[in-house]
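Listed below are the residues making up each chain.
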Amino acid sequence: MSLAVNIVDIAVQTAEKNQAKKINSISVEVGALAGVVRDALEFCFSEAVKNTIAEDASLEYFHIPAKAMCESCGHQFETDERAAPCPKCSNMVFQLSGGTEFRVKNINVD
Amino acid sequence: MCDTCGCSQPNEAVTFRKPGSNEHTHLHHHHDHEHSHGHEGHSHSHSESRTLEVEQDVLSKNNLLAERNRGYFKAKNMLVLNLVSSPGSGKTTLLEKTIQALKEEMPIAIIEGDQQTMQDADRIHAAGAPVLQVNTGNGCHLDATMIERALDELKPKNDSVLFIENVGNLVCPALFDLGEAAKVVIISTTEGDDKPLKYPTMFSASDICIINKTDLSPYVNFDIEKCKSYALKVNPKLQFFEVSATTGDGMDSWYHWLKEQT
């Protein structure tokens, strides 16, 4: 819930700084490894927007996978898991980069 | 984020108390934004909707405050460790023993985090270290704002070691930087040895892993070497201490490491 409130706070502050009166949508980028549960966030978002200028705003959710490189065969691939089997050689890959993003990308306002 | 508890109580529910004190203070959350106003007046002109770029990290507020805490710690030459684990791993006992062993050699201070009660703070107080209890109410983790508020009350000495005993929770505390130098994840032999694979976020976020309750190893199915290898897969840089806080076994290495850091 605190994450949803933070998202709404960031969006409202940006809107007010730009003299916007109403937020239509808020786009968030969420990495696969950011530790965020989409359903929980969407539920909490619907509560967090009440009584704000984002009251009718939709949450546009952009999922970002992590990038993995297999230490055994060198194959590069994308994954949503912290421990992923290599699609080429099936060895488990634990060394990942990215996928930890959790940011408000932009907002659409009137 | 914990996907069951919601952490939705207002910040007024978070309290800060010292052992033996009947007073407690609250955290007040100031809303920076105004609520929307009704009745704007009928306008004939139609403004186009527009997209405003934001590119701001959601946890930026907490992260900024954590960095401020970090600056405070640096200025006071403090070593700050954030102890994280499932409930019941032995964090408080570990701290009691550490305080008893090292309090003559270095100033130690503790911030205790629990949903309710002064139990842990009272134990730390009895062990002989200054301590502040943060009760989070329904909250499942400490955040940087709570630490800043706790520091205002605790007023730790320069050159001290501050241990923050986080709320028992192997999930959410990994997301909330408090300004610490390192996270110490504690797992006990009475838990599953595959926990590092099941809770990789916390094990990757930590620098130190303490395996506690080694005295119970003969009675449980916990494979210490397996647990360490799982943890190293998720975080190759983890440093381990195998201890029994209650018997004292292995604690010397932990004390030695602490003394080396200061």
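Every residue gets a number counted from 1 within its own chain, in the order that chain's sequence is written. Chains and ligands are labelled sequentially in the order written, the chains with letters from A and the ligands with numbers from 1. Side-chain atom pairs in this predicted model are given and counted only at pLDDT of 80 or more, local residue features only at pLDDT of at least 70, and totals for whole chains, interfaces and linings cover all residues. Hydrogen atoms and water are omitted, and side-chain values are computed over all heavy atoms in the structure.

(A) Looking closely at the packing of aromatic side chains. Residue and element names in this part refer to chain B. A pair of Phe, Tyr and Trp rings is counted when the ring centres sit within 6.5 Å of each other, with Trp represented by its six-membered ring. The angle between the planes then sorts it: under 30 degrees is stacked, over 60 is edge-to-face, the rest tilted. By the definition in use, this model includes five aromatic pairs over all chains. Geometrically, the ring pair formed by tyrosine 72 and phenylalanine 73 is edge-to-face, given 5.9 Å between the ring centres and 80° between the ring planes. Only protein chains enter the calculation, and the probe is 1.4 Å; a residue is then buried if its accessible area is under 20% of its type maximum, exposed if over 50%, and partly exposed in between. The class of tyrosine 72 is partly exposed, set by a relative accessible area of 30%. Phenylalanine 73 sits in the buried class, given a relative accessible area of 4%. Ring plane angle 10° and centroid distance 5.9 Å describe the contact between tryptophan 254 and tryptophan 257, whose orientation is recorded as stacked. One end of the pair is tryptophan 254 and the other is tryptophan 257, both in helix α8 (residues 251–261) and three residues apart, which spans about a single turn. Judged on exposure class, the residue tryptophan 254 and its partner tryptophan 257 are both buried. Aromatic ring contacts, followed pair by pair, group Phe163, Phe241, Trp254 and Trp257 into a single cluster. For the cation-ring pair, arginine 149 lies above phenylalanine 16, with the distance from its terminal atom to the ring centre recorded as 5.8 Å. Strands here are runs of E lasting at least two residues and helices are runs of H or I lasting at least four, both read from the DSSP assignment and numbered beginning at the N terminus. Whether a charge lies above a ring is judged from NZ of Lys or CZ of Arg, which has to be within 6 Å of the ring centre and within 35 degrees of the ring normal.

(B) Expanded view of the pattern of salt bridges. All names here are of chain B. The term salt bridge refers to a pairing of a side-chain nitrogen on Lys or Arg with a carboxyl oxygen on Asp or Glu at a separation within 4 Å. For the structure on display, the rule yields 18 salt bridges over all chains. The partner of glutamate 180 in a salt bridge is lysine 183, with the nearest N and O atoms 2.7 Å apart. Summarising the burial analysis for this pair, glutamate 180 and lysine 183 share the class buried. Close ionic contact of lysine 198 with aspartate 194 constitutes a salt bridge, the shortest N to O distance being 3.9 Å. Residue lysine 198 is classed as exposed on the basis of its relative accessible area, which comes to 52%.

(C) Seen up close, the nonpolar core. Only buried Ala, Val, Leu, Ile, Met, Phe, Trp, Tyr and Cys residues count toward a nonpolar core, and they belong to the same one when joined by side-chain atoms within 4.5 Å. Counting residues in hydrophobic clusters, the biggest one holds 36 residues, and the most contacted among them are Ile7(A), Ile23(A), Ile26(A), Leu41(A), Phe102(A), Val104(A) and Ile107(A). Looking at this core, the elements that each hand over two or more residues are α1 (2–17), β1 (23–31), α2 (38–48), β2 (58–64) and β8 (102–109) of chain A together with β3 (50–57) of chain B. In terms of residues, this core owes the most to one element, α1(A), which gives eight residues. Any pair of residues with heavy atoms lying within 4.5 Å of one another is described as a contacting pair. Each residue touching Val104(A), except ones within four places of it in the same chain, is listed here: Ile7(A), Ile10(A), Ile26(A), Ser27(A), Val28(A), Val54(B), Glu55(B), Gln56(B) and Val58(B). Core analysis: the second largest hydrophobic core is formed by 31 residues, Leu94(B), Phe163(B), Ala182(B) and Trp254(B) among them.

(D) Inspection of the sheet that holds strand β10 (residues 239–242) of chain B at higher detail. Residues and elements named next belong to chain B. Any two strands with at least two DSSP-identified bridges between them are counted as paired. Pairing within the open sheet is mixed, and its nine strands lie in the order β2-β1-β6-β5-β7-β4-β8-β9-β10. In this open sheet, the two strands that pair with only one neighbour each are β2 (25–26) and β10. Angular values range over 0 to 180 degrees, each being the angle between N-to-C directions of two axes fitted as lines to C-alpha atoms, with helices fitted over their stretch in contact. Contacts from helix α7 (residues 224–234) reach β8 (182–188), β9 (208–212) and β10 within the one sheet, and its direction differs from that of β10 by about 160°.

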